[in-house]
Amino acid sequence: MSFLRFAVRRLAEMAATLLCASFVIFGAMYLAPGNPASFLLGGRSASPEALKAINAQYHLDDPFAEQYVRWLGQVLHGDFGRSITYRTDVSRLLADRLPSTLLLISMALVLVVVLGLLLGWIGAVRGGGADATILVTTTFAIGTPSFVAAVLLQGLFAVKLHWFPTGGSGDGPLDMLWHLTLPAIALALYLIGMLARVTRASMLDVLGQEHVTVARSRGVSEGQVIRRHVFRNALGTVLTTGGLIVSTLLVCTVLVESAFSVGGIGQLLELSTTTKDFPTVQAISLIMVGLFMTVNLLVDLIHPLVDPRVSLGPGRSAA
C-alpha cells in the first residue's frame, strides 16, 4: 500500500470515528437523569406554556435523529449553539478561551518532548549514577498527579517565593508565558517521567541488537552509532506514546486550569459540566476528541517515515 493511499484511508477512518463520537456526545444529553428542559430551566418551576416555549426553542419535541442531524449541520458550519449559562454563542466562548489552553498545552508538550527525550537519552547512554538519578527523578515525577504538582508548585514558587503569579492567564504574549509557566510544568511533570522511561527502555533495547554491534565493529563513532542506529530506531516506539501524551494533557488540563484559574476551555468544561450547560460541554468534548484524533493521525503518518519497517497495510511495508 502506498503512503498516499495509507494517508487517505486513515483520514477516512478519522472522519468516520469523529462522526460516531459526535453521535455519542450529542446523545449523552439524553442519557443524563431528568428532562433536558428541566436543566434549561435551572431547576425552577415553570408553567406548561413556558415548558412548551423552551421545547420549541431548542427543538426538544423533534425526533432524536432530526435533532442530531440539525446539530451536526450547525457544527459543520462552526455553530455550536448558545450557552445556557453564559447566554452567548458557544463559538465566542471558545474563541475567547481556546488560545490560553492551546498555549498551555503547547508549552507543556515542549517540556515533555525536550526533557523526556533528553533524560531518556542520558539514562540509556551514560548509565551508572546518571541513570540511577534519572530513574529516581522520573519515578517521583510519575508518582505525582498533576493536581498535586499544581498545589506544590503554586505554594512554593507563587505564594512563598513570589516568582510567578498564583493564577490567571495574563494579557500579552510574554505575560501569558509567565503566567502559564507553573501550570505547564504541573501539566508536564508526569509525562516527562513517562516519556523518559519509554525512551530509555527503547534505546537500551536497541543498544543490545546486532546491527549496533556491527556498526561499532566497523569503526563508526559512538556518537553516530547512538544518533543513527540507536535513537532513530528507538524513536518509533517513542512516537507510539504520542496519543497517550496528548490524551493525558487534554484530561489533566481541566484540573490544572482550575487550580491556577487559567480561564481556558478546561476550566470552562468543569464549570459547564457543573451547571449542566449542554451546548458548551458538547462543543468542548467534540473539540477534545478532534484534537486527540488529529494527533493520533499525525503520529500514524510520521511513524512510517521515521521507521520504514512499519507496515502501512496487510502484508505490505513502507519500504
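No experiment lies behind these values; they were computed from the predicted model shown.

Summing up its helical and strand segments, the protein has 13 helices and two strands in all. Looking at the 319 residues of the protein, the share that counts as buried comes to 41%. In the protein, 70% of the contacts between residues at least 6 apart in sequence involve partners at least 24 apart. Only carbon and sulfur atoms are counted for the fraction: they give 67% of the accessible area of the protein, which is about 16,600 Å².

Now for unusual backbone geometry. With the exception of glycine, the majority of residues adopt a negative phi angle, and the majority of peptide bonds are in the trans configuration. With a phi angle near 60°, His162 is a residue other than glycine that sits in the positive phi range. With respect to the helices and strands, His162 occurs in the loop between α7 (146-160) and α8 (173-207). Residue His162 is classed as exposed on the basis of its relative accessible area, which comes to 61%.

Glancing now at the side chain of Asp277. Within the secondary structure, Asp277 is located in the loop between α12 (265-274) and α13 (278-306). Relative accessible area serves as the criterion here: at 0%, Asp277 is assigned to the buried category. A polar atom in the side chain of Asp277 sits 2.5 Å from the side chain of Ser83. If we ignore the near neighbours within four places in the chain, the residues touching Asp277 are Ser83, Ile84, Thr85, Tyr86 and Ser272.

Here the focus is α8. In this model α8 runs just 43 Å from its N-terminal to its C-terminal C-alpha over 35 residues, more than 12% under the 51 Å that 1.5 Å per residue would give. Along α8, the sharpest change in direction is near 45° and occurs at Leu180; proline Pro183 comes one to four residues later.

Time to look at the packing of helix α6 (residues 128-142) against α8. Between α6 and α8, whose axes approach to 7 Å, the crossing angle comes to 140°. Judged on the interaxial angle alone, α8 and α6 are oblique. Judged by the sense of rotation from one axis to the other, the crossing of α6 with α8 is left-handed. Between α6, through Asp131, Leu135, Thr138, Thr139, Ala141 and Ile142, and α8, the contact on the second element is made entirely by Leu189, Tyr190, Gly193, Met194, Ala196, Arg197 and Arg200. Residues of the contact of α6 with α8, tallied by class, amount to seven nonpolar, three polar and three charged.

Bringing a nonpolar patch on the surface into the picture now. A contiguous nonpolar patch, built from Leu109, Val110, Val113, Val114, Leu115 and Leu118 and spanning about 460 Å² of accessible area, is present on the exposed surface. With respect to the helices, strands and loops of the structure, Val110 is situated in helix α5 (residues 90-126).

The subject of this paragraph is the confidence of the model for the protein. In this model, the protein carries a mean pLDDT of 82, and residues with pLDDT of at least 70 account for 89%. In the predicted structure, residues 315-319 sits below a pLDDT of 50 and forms eleven contacts with residues beyond four places in sequence or in another chain.

This part covers the pattern of salt bridges. One pass over the full model with this rule turns up five salt bridges. We note a salt bridge from Arg70 to Glu66, for which the minimum N-O separation is 3.2 Å. In this pair, Arg70 and Glu66 both sit in helix α4 (residues 64-76), four residues apart, roughly one turn of the helix. Assessed through its relative accessible area of 27%, Arg70 is described here as partly exposed. Of the residues examined, Glu66 reaches a relative accessible area of 40% and is grouped as partly exposed. Each of Arg9, Arg10 and Glu13 takes part in salt bridges that share partners, so that together they form one network.

Another point: the nonpolar core. Counting 59 residues, the largest nonpolar core has Leu94 and Val230 as the members making the most contacts within it. Looking at this core, the element that brings in the most residues is α8, giving 13 residues. Not counting residues up to four positions away in its chain, the partners in contact with Val230 are Met203, Val206, Leu207, Val212 and Val225. Counting residues in each nonpolar core, the second largest holds six residues, with Ala7, Met14, Met293 and Leu297 among its members.

Attention now goes to the packing of α7 against α8. Closest axis-to-axis distance for the α7/α8 pair is 8 Å, and the angle between their directions is 145°. Taken as a pair, α7 and α8 cross one another with a handedness that is right-handed. For the pair formed by α7 and α8, the contact residues are Ser146, Ala149, Ala150, Leu153, Phe157 and Ala158 on the first element and Leu182, Ile185, Ala186, Leu187 and Leu189 on the second. Classifying every residue of the contact of α7 with α8 gives ten nonpolar, one polar and no charged.

With that out of the way, let us pick up the environment of Phe3. You can see Phe3 is positioned in helix α1 (residues 3-31). In this structure Phe3 comes out as partly exposed when scored by relative accessible area, which is 33%. A C-alpha to C-alpha distance of 8.5 Å links Phe3 and Pro304, two positions 301 residues apart in sequence.

Considering the arrangement of structural elements, one finds His179 in helix α8. As a C-alpha pair, His179 and Gly167 span twelve residues in sequence and 6.9 Å in three-dimensional space. Residue contacts for His179: discarding those within four places in its chain leaves Pro165, Gly167, Gly168, Ser169 and Gly170. In terms of polar contacts, His179 uses its side chain to reach the backbone carbonyl oxygen of Asp175, at 2.9 Å.

Rules and cut-offs
Residues numbered from 1 in each chain as written. Predicted model: local features only at pLDDT ≥ 70, side-chain atom pairs only at ≥ 80, totals over all residues. Heavy atoms only, no water. Helix = DSSP H or I, 4+ residues; strand = E, 2+ residues; numbered from the N terminus. Buried < 20%, exposed > 50% of the residue type's maximum accessible area, 1.4 Å probe, protein only. Contact = heavy atoms within 4.5 Å. Areas by Shrake-Rupley, 256 points an atom, 1.4 Å probe, with all protein chains shown as cover. Polar contact = N/O pair within 3.5 Å; in protein donor to acceptor, adjacent residues only side chain to side chain. Expected span 1.5 Å × (residues − 1). Bend = angle between axes of the 7 residues up to and from the residue. Axes fitted to C-alpha atoms, helices over the stretch in contact; angles between N-to-C directions. Parallel < 35°, antiparallel > 145°, perpendicular 65-115°, else oblique. Left-handed = near helix turned anticlockwise from the far one by under 90°. Nonpolar A, V, L, I, M, F, W, Y, C, P; charged D, E, K, R; others polar. Patch = residues over 30% accessible without salt bridge, like charges linked within 9 Å, V, L, I, M, F, W, Y side chains within 5 Å. Salt bridge = Lys/Arg side-chain N within 4 Å of Asp/Glu carboxyl O. pLDDT = per-residue confidence, 0-100. Core = buried A, V, L, I, M, F, W, Y, C linked by side-chain atoms within 4.5 Å.

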